[in-house]
Amino acid sequence: MDINTEINIGRLIAEERRRQGINHTKMGRLIHTTRSNVNNIEERERMDTGLLYRISCVLKTNFFAPFAKELEEKGYQEPAEPTTDMLKFTLQDDEKEFFVSEDINDGYQEIKVLDVSLIINGVNYDETIELPQEIFPLLMYAYSCALDGLLRNLDDESLEFRFFPWLERNHPRLAGAIMEATEGLLIERIEDDVDGKYRNHINYEEPTNEDDWFELGDNDIRYLIGNLPDRIHNAKRPLSWLLPTLDF
């Protein structure tokens, strides 16, 4: 069914964000996405209800209200309270397995994350990064290939230092995804750094205006992820915050 409405929800979000004096960078942090994705969201005429609910909470504005008013003017009734069977029917096939878990009732889902040890300009940092979920089986496959090949029989310490350079040479897109996620996380750390833990040791550039991102400068960053199986673990994340899929 074609939905005809003059409501441009992205424009309403953009106007309210500007009214509250929130720039794209801060908005991205508040809804756990990138600045560029904020731009994308504000260009949409329609969007996922979970995302719209999250934005409504962050901006303390009911963005469902214009739609409700329009439907009320058309004389449409409120839906009946959904039963478990009704909810289960509306889930996509790949989501049904999560319905039996109590996590979905709280709006959460388990995802895999990666613990990364970093040496940045000689200083050690331990971080946990989120990656598109389809990367993890590819990473484990690459890891097994490395252990069966050039990195065979290395001790744990040597493997920690040599696996990521091997990954860069043999699987640059996988390595690039890790680097991009790590650099994005470091930018967040620098923005929120009040005690100088990151700013005192990492070279960065401040934005030229409030809508730009901080950027990392020239840094010597080494990635230690050699013991990969122990570095991958599960974490809970709100369903509406899940990362998009990686386009290989």
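Residues numbered from 1 in each chain as written. Predicted model: local features only at pLDDT ≥ 70, side-chain atom pairs only at ≥ 80, totals over all residues. Heavy atoms only, no water.

What am I meant to see in the packing of aromatic side chains here?
What describes a pair of aromatic rings is the distance from one ring centre to the other and the angle between the planes of the rings. A complete count under the given rule lists four aromatic pairs for this structure. A ring pair is formed by Y125 and Y198, whose centres lie 5.1 Å apart and whose planes are at 20°; its orientation type is stacked. Separated by 73 residues along the polypeptide, Y125 in strand β2 (residues 123-130) and Y198 in the loop between α10 (172-191) and β3 (204-205) bring together distant segments of the chain. Taking 4.4 Å as the distance between ring centres and 25° as the angle between the ring planes, the aromatic pair formed by F164 and Y223 counts as stacked. One end of the pair, F164, is in helix α9 (residues 156-170); the other, Y223, is in strand β5 (residues 221-224), and 59 residues separate them in sequence. Accessibility assignment for this pair places F164 and Y223 in one class, buried. Members of the aromatic cluster, joined through ring pairs, are Y143, F163 and W166. (Phe/Tyr/Trp six-rings, centres within 6.5 Å; stacked < 30°, edge-to-face > 60°. Helix = DSSP H or I, 4+ residues; strand = E, 2+ residues; numbered from the N terminus. Buried < 20%, exposed > 50% of the residue type's maximum accessible area, 1.4 Å probe, protein only.)

Can you help me understand helix α1 (residues 9-19) in this one?
If you check which residues of α1 are buried, you get I9, G10, I13, A14, E16 and R17. Buried residues of α1, viewed axially, fall in a sector of 170°; they line one side. Along α1, exposed side chains directed more than 90 degrees from the buried face belong to R11, R18 and R19. Its buried side turned inward, α1 meets α2 (24-30), α3 (35-42), α4 (49-59) and α5 (65-73). One or two positions beyond α1, positive phi appears at G21, with a value near 70°. (Arc of directions from axis to C-beta. Contact = heavy atoms within 4.5 Å.)

Explanation requested: unusual backbone geometry in the structure shown.
The phi angle of most residues is negative, glycine excepted, and most peptide bonds adopt the trans form. The residue K60 is not glycine, and still its phi comes out positive at about 50°. Looking at K60, the relative accessible area reads 75%, which means it is exposed. The backbone phi angle of N121 is positive, close to 50°, even though this residue is not glycine. Take N121: it is sitting in the loop between β1 (108-120) and β2.

Honestly, the environment of N209 in this entry has me stumped. Any pointers?
Following the sequence through the fold, N209 ends up in the loop between β3 and β4 (215-216). Separated by 186 residues in sequence, N209 and N23 have C-alpha atoms that sit 9.9 Å apart.

Can you help me understand the confidence of the model for the protein chain in this one?
Detailed reading of predicted coordinates is not advised where the pLDDT is low. On average, the protein chain scores 80 in pLDDT, and the residues at 70 or more come to 81%. Considering each helix and strand of the protein chain separately, the mean pLDDT is smallest for helix α7 (residues 96-99), with a value of 38, and largest for β5, with 94. Between residues 84-105, whose pLDDT stays under 50, and residues either more than four places distant or in other chains, the model counts 15 contacts. (pLDDT = per-residue confidence, 0-100.)

Explanation requested: helix α8 (residues 135-148) in the structure shown.
Residues spaced three or four apart along an α-helix point in a common direction, a consequence of the helix completing one turn every 3.6 residues. Under the 1.5 Å per step criterion, the end-to-end length of α8 is 20 Å for 14 residues, consistent within 8% with the ideal 20 Å. Listing the buried residues of α8 in full gives I135, F136, L139, A142, Y143 and A146. Buried residues of α8, seen end-on, are gathered within an arc of 120° and therefore sit on one face of the element. Those residues of α8 that are exposed and aimed more than 90 degrees away from the buried face are P137, Y141 and D148. (Expected span 1.5 Å × (residues − 1).)

Just checking my understanding: could you explain the pattern of salt bridges for this structure?
Side-chain pairing between opposite charges can occur once the charged atoms of the two side chains come close. All chains considered together, the criterion is met by six salt bridges. When the shortest N-O distance is used, the salt bridge between K74 and E70 registers 3.9 Å. In this structure K74 comes out as partly exposed when scored by relative accessible area, which is 46%. Notably, a salt bridge pairs R222 with D220, separated by 3.8 Å at the nearest N-O pair. Classification of R222 by relative accessible area gives partly exposed; the value is 47%. (Salt bridge = Lys/Arg side-chain N within 4 Å of Asp/Glu carboxyl O.)

Could you clarify how one ought to interpret the nonpolar core in this entry?
One recurring pattern in soluble globular proteins: nonpolar side chains tend to sit buried together. L114, L118, L131, L139, F163, L167 and I178 are the most contacted members of the largest nonpolar core, which totals 35 residues. Elements with a minimum of two residues in this core: β1, β2, α8, α9, α10 and β5. The element that contributes the greatest number of residues to this core is α10, accounting for eight residues. Residues contacting L118, with those up to four places away along its chain left out, are V123, N124, Y125, E127, T182, L186, I221, R222 and Y223. By size, the runner-up hydrophobic cluster in this structure holds 14 residues, among which are I22, M27, I41 and L51. (Core = buried A, V, L, I, M, F, W, Y, C linked by side-chain atoms within 4.5 Å.)

Hey, could you run me through the side chain of S56 in this one?
Within the secondary structure, S56 sits in helix α4. On the basis of relative accessibility, which here comes to 9%, the residue S56 falls in the buried class. Residues in contact with S56, not counting those within four places in the same chain, are T61, N62, F63 and F64.

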